[in-house]
Amino acid sequence: MRTLMLCLALSPLPALAHPHMFVDSRLDLVLDDARNVTGLSLSWTYDDFTTLLILEDMGLDPDGDAQLSDAELAQLKGFDLVEWPEGFEGDLYFYHDGEQVPLDHPVPATVAVTDGRIVATHTRSLTPTPADGLQILQYDPTYYVAYTLSGGVHLPAPCTATVTEPNPDAATQALARELDQVPADQFSPLRLGIHYAQDVRITCNAPS
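The model shown is predicted, which means the values in this text are computed figures rather than measured ones. (Residues numbered from 1 in each chain as written. Predicted model: local features only at pLDDT ≥ 70, side-chain atom pairs only at ≥ 80, totals over all residues. Heavy atoms only, no water.)

(A) The arrangement of the overall build of the chain in detail. Scanning the chain for helices and strands turns up 4 helices and 11 strands. Across the 208 residues that make up the chain, the buried fraction comes to 43%. Considering only residue pairs separated by 6 or more positions, the chain has 74% of its internal contacts joining residues 24 or more positions apart. For the chain, the computed accessible surface area is about 10,900 Å², with 53% contributed by carbon and sulfur atoms. (Helix = DSSP H or I, 4+ residues; strand = E, 2+ residues; numbered from the N terminus. Buried < 20%, exposed > 50% of the residue type's maximum accessible area, 1.4 Å probe, protein only. Contact = heavy atoms within 4.5 Å. Areas by Shrake-Rupley, 256 points an atom, 1.4 Å probe, with all protein chains shown as cover.)

Following this line, the structure appears as C-alpha cells:
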C-alpha cells in the first residue's frame, strides 16, 4: 500500500482528518483441522480515481478502456507489494489473547480491473493460531487510506466472523484530543486510523 502512496506522487501532508484513498476489502481465512488460522487471502479493490492514477503512472491502459492485456496485467500484478518497509504491517493486524500475531510477508496472487477498479489479491501465512477468540483490525494508522470490509470475512464453519462498525463519535473525540496536542506549525500525519477500523471477532462453536 505504501507503494500506491508513492505512485500518487503526493508531497507530505499536514495532519489528516479524512482519507484520500478508499479500498474495499474481502478477507478469506485458511484454517487447519484443529481450527487454527494458518493463512489468509486478502483482496483490495481500489476506488476508481486511484485506479486511474495508478494505471497512468505505470503507463498501462493508454486507450483508457479499462481493458488490460495479459502483458499489462502481468506488469500490474504485485504493484502494491513492491515497497514493503521494515516494520510495515500491511495495514492488517491480528490479535489473540491480547497479543499481536505476526503475519508473514504477502505474496501476490491475482490482479484484475473490474468495473474500472483494480482488484488485487495477495496471500499471507502465519504461525497456526486458534481461530476462536481472534481479533482482526484493518486500517491505515494515518487514515490516509480508508478500508471497508465490503466483501466480508469468510472462513469455514463452525467458525464465524462478527464485524463491529467503528463509533464515529468516539473517532471525532479522538481527533479533537490529537489536535489539541499538536503544535500549529507541525506537519505530521495524525495516527487516527485505528479509531475508524471495523473490529472483526472470530468465534468457533462446537458442532451440535
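Past the structure itself, the notes keep going.
(B) Broad picture of the packing of aromatic side chains. The final tally for this structure, using the stated rule, is 5 aromatic pairs. When the ring of Tyr143 is compared with that of Tyr196, the centres are 4.1 Å apart and the planes differ by 10°; the resulting orientation is stacked. With Tyr143 in the loop between strand 7 (135-138) and strand 8 (145-148) and Tyr196 in the loop between helix 4 (168-181) and strand 11 (199-204), the pair connects residues that are 53 residues apart, well separated along the chain. Tyr196 gets classed as partly exposed once you look at its relative accessible area, which sits at 22%. (Phe/Tyr/Trp six-rings, centres within 6.5 Å; stacked < 30°, edge-to-face > 60°.)

(C) Molecular detail of unusual backbone geometry. The linkage connecting Ala157 with the following residue, Pro158, adopts the cis geometry, with an omega of 10°. Phi is positive for Arg35, which is not a glycine, with a value near 60°. Residue classification places Arg35 among the partly exposed positions, given a relative accessible area of 29%. Non-glycine residue Tyr143 carries a positive phi angle of around 60°.

(D) Structural detail: the pairing of strand 6 (residues 117-130). Relative to strand 6, strand 2 (residues 36-46) runs antiparallel, the two being bridged by 9 bridges. Residue pairing across strands places Leu40 opposite Arg124, the latter belonging to strand 6. Note that strand 5 (residues 107-114) and strand 6 share 7 bridges and pair antiparallel. Its bridge partner being in strand 6, Thr114 is matched across the sheet by Arg117. Linkage of strand 5 to strand 6, two consecutive antiparallel strands, is achieved through a turn of 2 residues, within which Asp115 is found at a positive phi near 50°. (Pairing = 2+ DSSP bridges.)

(E) Focus on the side chain of Thr45. Its place among the elements puts Thr45 in strand 2. The contacts of Thr45, once residues within four sequence positions are left out, are Phe22, Val23, Asp24, Arg117, Ile118 and Val119.

(F) Representation of the confidence of the model for the chain in the model. When pLDDT is averaged across the chain, the result is 87; 85% of the residues are at 70 or more. Segment residues 1-16 is flagged for pLDDT under 50; beyond a separation of four residues in sequence, or across chains, it makes 47 contacts in the model. (pLDDT = per-residue confidence, 0-100.)

(G) Broad picture of the nonpolar core. Counting 39 residues, the largest nonpolar core has Leu29, Leu76, Phe94, Ile118, Ile136 and Ile202 as the members making the most contacts within it. Looking at this core, the elements that each hand over two or more residues are strand 1 (21-31), strand 2, helix 2 (48-57), strand 3 (92-96), strand 5, strand 6, strand 8 and strand 11. When neighbours within four sequence positions are excluded, Leu76 is seen to be in contact with Ile54, Leu55, Met58, Leu60, Leu68, Val111, Val113 and Ile118. Among the nonpolar cores identified, the runner-up in size contains 5 residues, and Tyr93, Tyr95, Leu137 and Tyr139 belong to it. (Core = buried A, V, L, I, M, F, W, Y, C linked by side-chain atoms within 4.5 Å.)

(H) A look at helix 2. For helix 2, the complete set of buried residues consists of Thr50, Thr51, Ile54 and Leu55. When helix 2 is viewed along its axis, its buried side chains cluster within an angular range of 130° and face the same direction. Relative to its buried face, helix 2 has exposed residues pointing more than 90 degrees away, namely Phe49 and Glu56. Between a side-chain oxygen at the N-terminus of helix 2 and the backbone nitrogen of Phe49 the separation is 3.1 Å; the capping residue is Asp47. Positive phi appears at Gly59, one or two residues downstream of helix 2, with a value of about 70°. (Arc of directions from axis to C-beta. Polar contact = N/O pair within 3.5 Å; in protein donor to acceptor, adjacent residues only side chain to side chain.)

(I) Representation of the state of the cysteines in the model. One pass over the structure, following the stated rule, counts 1 disulfide. In this model, Cys159 is linked to Cys204 through a disulfide, with the two sulfur atoms separated by 2.0 Å. The sign of the 105° torsion about the S-S bond sets the Cys159-Cys204 disulfide as right-handed. Note that Cys159 is positioned in strand 10 (residues 159-164) and Cys204 in strand 11, a separation of 45 residues in sequence. On the accessibility criterion, Cys204 (14% relative accessible area) is buried. (Disulfide = S-S within 2.5 Å.)

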